[in-house]
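Understanding the architecture of this molecule
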Amino acid sequence: MLVLFCRVIVLYFLVFFVIRLTGKRQISELQPFDLCITLLIADMASVPATNTGVPLFYGIVPIITLFLLQQLLSFLSLKSESIRKAVCGQPLLLIAKGQVQEAAMKSARYTITDLSEQLRGKDVFSLADVEYAILETNGELSVLLKGPKQQPNYEDFSMPSPLAEPPLMLVQDGAVHDGALKRAGHDKAWLKKQLLTIGCDDISNVFFAFLDSSDMLHVQLNLKAGAQHYFIDTAKKDKGKGNS
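Given the structure is predicted, the values throughout are model-derived calculations rather than measurements.

1. Section: the packing of aromatic side chains
- Scanning all chains against the criterion turns up 2 aromatic pairs.
- Consider the rings of F208 and F210, whose centres lie 6.0 Å apart with planes at 15°: the pair is stacked.
- Among the aromatic side chains, those forming a connected cluster through ring pairs are F207, F208 and F210.

The following block contains the structure:
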């Protein structure tokens with residue numbers, strides 16, 4: 001039993017480090033050859049992990065071999081466009097200038113139902129709104145809407161844009177994130193003062209609270225406290241109440 005326990009630990013760390021070294025892409029973003037090698041590595045590790053009659057070395061060598069093969073294919077793909085096309089494939093233009101490309105759809109074995117489902121995943125509910133749709137090599141669909149359907153931006157109106165910074169999560173499940181609060185340039189006394197403006201005198205009643213780049217504090221109370229969502233303009237000391 002102890003031998004089996006040790007074998008599993010060794011194989012776990014081996015597979016973990018091999019997968020980490022192959023890259024940081026999610027499963028949905030893996031190229032076909034990446035996914036194939038990942039599945040094979042998992043299968044190779046399962047045999048010596050559960051069968052003590054198989055030498056551990058017989059599991060380690062194939063895993064390392066597959067890892068080296070993956071690195072070789074990745075290197076060759078970077079150096080040669082023809083190899084990259086053979087290994088990774090090419091993006092397919094499913095919609096061009098508003099017209100669905102029937103030949104590309106057949107090549108990708110896509111039906112209109114499949115295409116419509118992918119578009120709905122991009123919050124597009126009508127084929128008529130799409131100017132271009134490209135099926136990427138990892139299976140994701142990239143969509144460019146027609147001009148009138150695109151959302152305007154600050155540049156279109158010659159308006160100054162807000163500072164593009166990720167929001168700081170100050171409170172989560174009633175617990176204050178001191179590090180985030182410090183990065184925001186505030187302390188707990190300031191946070192409590194802001195919460196008092198919406199009638200919350202107990203931080204434990206806060207489901208989450210984050211401060212965005214425009215100094216707007218978003219607060220949602222937990223279910224016990226009513227689950228209301230509030231917006232507090234910390235720059236102007238005004239508050240507004242949204243829907244829960």
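2. Side note on the sheet that holds strand β3 (residues 130-135)
- Across the sheet, which stays open at both edges, the 4 strands sit in the order β2-β1-β3-β4 with antiparallel pairing between neighbours. With one partner strand each, in any of the chains shown, β2 (99-100) and β4 (141-145) form the two edges of the open sheet.
- Bridge analysis of strand β1 (residues 92-96) against β3 gives 4 bridges, and the strand direction is antiparallel. Note on β3: the bridge partner recorded for I95 is A133.
- Contacting β1, β2, β3 and β4, helix α6 (residues 112-120) crosses the sheet at an angle of about 75° to β4.

3. Regarding unusual backbone geometry
- Even without a glycine there, the phi angle at K97 is positive, about 55°.
- Structurally, the position occupied by K97 is in the loop between β1 and β2.
- Since its relative accessible area comes to 62%, K97 is described here as exposed.
- One non-glycine residue, D215, lies in positive phi territory at about 65°.
- As for its placement among the helices and strands, D215 is situated in the loop between β7 (206-211) and β8 (216-221).
- When its relative accessible area of 35% is taken as the criterion, D215 is described as partly exposed.

4. Structural notes on the confidence of the model for the protein chain
- Scored by pLDDT, the protein chain has a mean of 83; 90% of the residues are at 70 or more.
- Ranking the elements of the protein chain by mean pLDDT puts strand β10 (residues 238-242) last with 46 and helix α8 (residues 188-196) first with 94.
- Taken as a whole, residues 238-244 scores under 50 in pLDDT and shows 19 contacts with residues more than four places along the chain or in a different chain.

5. A word on the nonpolar core
- Core analysis: the largest hydrophobic core is formed by 19 residues, its most contacted members being L170, V171, L191, L195, V206 and V219.
- Within the residue set of this core, elements represented by two or more residues are β5 (168-172), α7 (178-183), α8, β7, β8 and β9 (229-233).
- Not counting residues up to four positions away in its chain, the partners in contact with L195 are C200, I203, V206 and V219.
- Membership of the second largest hydrophobic core comes to 12 residues, among which are I95, M105, V124 and V130.

6. Regarding the pattern of salt bridges
- On inspection of all chains with the given rule, the structure shows 3 salt bridges.
- Note that E140 and K122 form a salt bridge whose closest N and O atoms lie 3.8 Å from each other. Here the residue E140 occupies a position in the loop between β3 and β4, and K122 occupies one in the loop between α6 and β3, the gap between them amounting to 18 residues.
- Given the relative accessible area of 36%, E140 is considered partly exposed.
- Residue K188 pairs with D178 through a salt bridge whose shortest N-O separation is 3.9 Å. In this pair, K188 sits in helix α8 while D178 sits in helix α7, placing the two residues 10 residues apart along the sequence.
- In this structure K188 comes out as partly exposed when scored by relative accessible area, which is 41%.

7. Brief notes about a nonpolar patch on the surface
- Residues L2, F5, I9, Y12, F13, F16 and F17 make up a contiguous nonpolar surface patch of roughly 760 Å² in combined accessible area.
- Locating F5 in the fold gives a position in helix α1 (residues 2-22).
- On the basis of relative accessibility, which here comes to 53%, the residue F5 falls in the exposed class.

About the thresholds
- Residues numbered from 1 in each chain as written.
- Predicted model: local features only at pLDDT ≥ 70, side-chain atom pairs only at ≥ 80, totals over all residues.
- Heavy atoms only, no water.
- Phe/Tyr/Trp six-rings, centres within 6.5 Å; stacked < 30°, edge-to-face > 60°.
- Pairing = 2+ DSSP bridges.
- Helix = DSSP H or I, 4+ residues; strand = E, 2+ residues; numbered from the N terminus.
- Contact = heavy atoms within 4.5 Å.
- Axes fitted to C-alpha atoms, helices over the stretch in contact; angles between N-to-C directions.
- Buried < 20%, exposed > 50% of the residue type's maximum accessible area, 1.4 Å probe, protein only.
- pLDDT = per-residue confidence, 0-100.
- Core = buried A, V, L, I, M, F, W, Y, C linked by side-chain atoms within 4.5 Å.
- Salt bridge = Lys/Arg side-chain N within 4 Å of Asp/Glu carboxyl O.
- Patch = residues over 30% accessible without salt bridge, like charges linked within 9 Å, V, L, I, M, F, W, Y side chains within 5 Å.
- Areas by Shrake-Rupley, 256 points an atom, 1.4 Å probe, with all protein chains shown as cover.

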